[in-house]
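Read off the chains here:
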Amino acid sequence: MTVKTDLPVSTCWIVTEGLIGLQNQAIGLAQALGLPYVLKVVKKPKGLWKLFSPGHDLTPPWPDLLISCGRQSAPVAVAIRRASENKTFTVHIQDPFISPENFDVVIVPQHDTMRGGNVLVTKGAINHVNIEKLKIAAERFRPLLAKLPRPLISVLVGGKNKHQGFNATSGHDFAKKLRLAVTNTGGGLAITFSRRTGARNESIIRKALTGIPSYIWDSTGENPYFGLLALADATVVTNDSISMLSEACSTGKPVYVYELPHGGKRHKQFCESLVEGGIARIFSGDIETWKYTPLDETRRAADFVYKRFLEKGGENKYANSNSRNTS
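What you are looking at is a predicted structure, and each value in this text was computed from that prediction instead of being measured.

### Things to note about the packing of aromatic side chains
Summed over the entire model, instances satisfying the criterion amount to seven aromatic pairs. Note on tyrosine 256 and phenylalanine 283: the rings are 6.0 Å apart at their centroids and 65 degrees apart in plane angle, and the pair reads as edge-to-face. In this pair, tyrosine 256 is assigned in strand 11 (residues 255–258) and phenylalanine 283 in the loop between strand 12 (280–282) and helix 10 (297–311), connecting sequence segments 27 residues apart. Note on accessibility: tyrosine 256 and phenylalanine 283 belong to one class, buried. Ring centres of tyrosine 256 and tryptophan 290 lie 5.3 Å apart, and the angle between their planes is 85 degrees; on these two criteria the pair is classed as edge-to-face.

The following block contains the structure:
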């Protein structure tokens, strides 16, 4: 991943509604730009004047660069941009549901319809997976997974959301196909669940995989998520999370998509684009090996932001802005 370290920026805020998936996208972009950052969480963007009043942390001096992610953070970013008299360079990730002209840069996945001269369209979600993190994670978690047979099949299990279902039927079917994958390959499983999986579904999968060579994270200690991505020969991901799928596809290793019921249109379109692009395949219990160009959308996004920043007069405009002027 290309890291930009020469942006004339002293302060960078990340503004989200606190959801981990949104936060990680914004963090990934800040890290790719080589910028230290301060996290700001906004739960209720209504009544913006209250957010900017004394006692809250959304007060001047305004940052040189602000990265927002998610619909609820969009109006906050717009308000800060105006309050700073357009001195804060604003980058919004995902469709803000308002005109992109309210921001300096908008980054949307290709299954969103927003387009414009300052809009970057990506194949997947921005994330904070990179070679350095994977190398560190591989060394850290290698002993944990060393006794499992190869090929090692990592399994990233999401769960129910407002568009997606995950019930007992799904749990049994998923576990059945995972058992089949181990039987067909002679390999082992390394599994991590999300909070959305649910205790019942997790219990079903654990019980159904009894006797199978596997490591299943018990939710204590550090989540081995990055270690699973780094050490896997192939990765199976439930289709409820565009972020998890994007992160898995950034490794360059075979990625299989397990389809949960009642998927939303956007998730379906995203998965179809991965399959049609030869990046991922639908999981049916078979595990094969293929090659593809890893998704590196975070680097593309960082390059786009860097270019737009300089085009908008960043070197001069921000050299004496905001935080530098308020000491």
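After presenting the structure, the write-up continues.
### With respect to helix 3 (residues 74–83)
Within helix 3, seven of the 10 residues are buried, which leaves it mostly tucked inside the rest of the structure. Buried residues of helix 3: Ala74, Val76, Ala77, Val78, Ala79, Ile80 and Arg81, and no others. Backbone geometry just downstream of helix 3 places glutamate 85 in the positive-phi region, at approximately 60 degrees.

### A look at the sheet that holds strand 3 (residues 65–69)
Strand order in the open sheet made by the six strands is 2-1-3-4-5-6, with parallel pairing throughout. Sheet topology places strand 2 (38–41) and strand 6 (119–122) at the edges, where each strand pairs with a single neighbour. Put simply, the sheet's adjacent strands are angled 20 degrees from each other on average, direction ignored. Judged from the four bridges that link them, strand 5 (residues 105–109) and strand 6 form a sheet pairing that is parallel. Among the inter-strand pairings, isoleucine 107 is bridged to a residue of strand 6, identified as leucine 120. Strand contacts of helix 1 (residues 20–32): strand 1 (12–16), strand 2, strand 3, strand 4 (89–93) and strand 5, with the helix running at about 150 degrees to strand 3, the strand carrying the most contacts. Taken strand by strand, helix 10 contacts strand 3, strand 4, strand 5 and strand 6, and its axis lies near 170 degrees from that of strand 6.

### Here's the deal with the environment of serine 73
Following the sequence through the fold, serine 73 ends up in the loop between strand 3 and helix 3. Classification of serine 73 by relative accessible area gives buried; the value is 0%. Along the chain, serine 73 and lysine 43 lie 30 residues apart, while their C-alpha atoms are 8.5 Å from each other. The contact partners of serine 73, leaving out residues within four places of it in the chain, are Val15, Thr16, Glu17, Val42, Ser68 and His92. Here cysteine 69 takes part through its backbone oxygen, which lies 3.1 Å from a polar atom of the side chain of serine 73.

### Considerations on the sheet that holds strand 7 (residues 152–157)
As summarised here, the arrangement of the six strands in space is 9-8-7-10-11-12, forming an open sheet in which the pairing is parallel. Edge positions in the open sheet fall to strand 9 (214–216) and strand 12, since each of these has one partner strand only. Each adjacent strand pair in this sheet contributes to an overall mean axis angle of 20 degrees, direction not counted. Looking at chain direction, strand 7 and strand 10 (residues 234–238) are connected through four bridges and run parallel. Directly across from serine 154, in strand 10, lies its bridge partner threonine 235.

### Some remarks on the pattern of salt bridges
In this structure the tally under the stated criterion is 13 salt bridges. Residues arginine 150 and aspartate 233 are paired through a salt bridge, measuring 2.9 Å at the closest nitrogen-oxygen approach. On the criterion of sequence distance, the pair formed by arginine 150 in the loop between helix 4 (131–145) and strand 7 and aspartate 233 in the loop between helix 7 (225–231) and strand 10 is long-range, its members being 83 residues apart. On the basis of relative accessible area, arginine 150 is assigned to the partly exposed category, the value being 46%. Across the pair arginine 300 and glutamate 297 runs a salt bridge whose closest N-O atoms are separated by 2.7 Å. A residue pair is termed a helical-turn pair when its members lie 3 or 4 positions apart in one helix, as arginine 300 and glutamate 297 do in helix 10 at three residues. Take glutamate 297: its relative accessible area is 8%, and that puts it in the buried class. In the salt-bridge network here, residues are joined through shared partners; they are Arg81, Asp104 and Lys312.

Cut-offs applied
- Numbering of residues begins from 1 in every chain and follows the order in which that chain's sequence is written.
- Per-residue local features of the predicted model are confined to residues with pLDDT of at least 70, and side-chain atom pairs are confined, for both listing and counting, to 80 or more; whole-chain, interface and lining totals are unaffected and use all residues.
- With hydrogens and water excluded, all non-hydrogen atoms of the structure serve as input to the side-chain values.
- Any pair of Phe, Tyr and Trp rings, taking the six-membered ring for Trp, is counted once the centres come within 6.5 Å. Such a pair is stacked with planes under 30 degrees apart, edge-to-face with planes over 60 apart, and tilted for the rest.
- By the criteria applied, helices consist of DSSP H or I runs no shorter than four residues and strands consist of E runs no shorter than two, each listed in order from the N terminus.
- Note on classification: 1.4 Å probe, protein chains only; a residue is buried when its accessible area is under 20% of the maximum for its type, exposed when over 50%, partly exposed between these limits.
- DSSP calls a pair of strands paired once it identifies at least 2 bridges connecting them.
- Angles run from 0 to 180 degrees between N-to-C directions of axes, and those axes are lines fitted to C-alpha atoms, restricted for helices to the stretch in contact.
- Here, residues are in contact when the closest pair of their heavy atoms is within 4.5 Å.
- Here a polar contact is recorded for every N or O atom pair within 3.5 Å, except that within protein the pair must consist of a potential hydrogen donor and a potential acceptor, and residues adjacent in sequence are included only if both atoms are side-chain atoms.
- We define a salt bridge as a side-chain nitrogen of Lys or Arg found within 4 Å of a carboxyl oxygen belonging to Asp or Glu.

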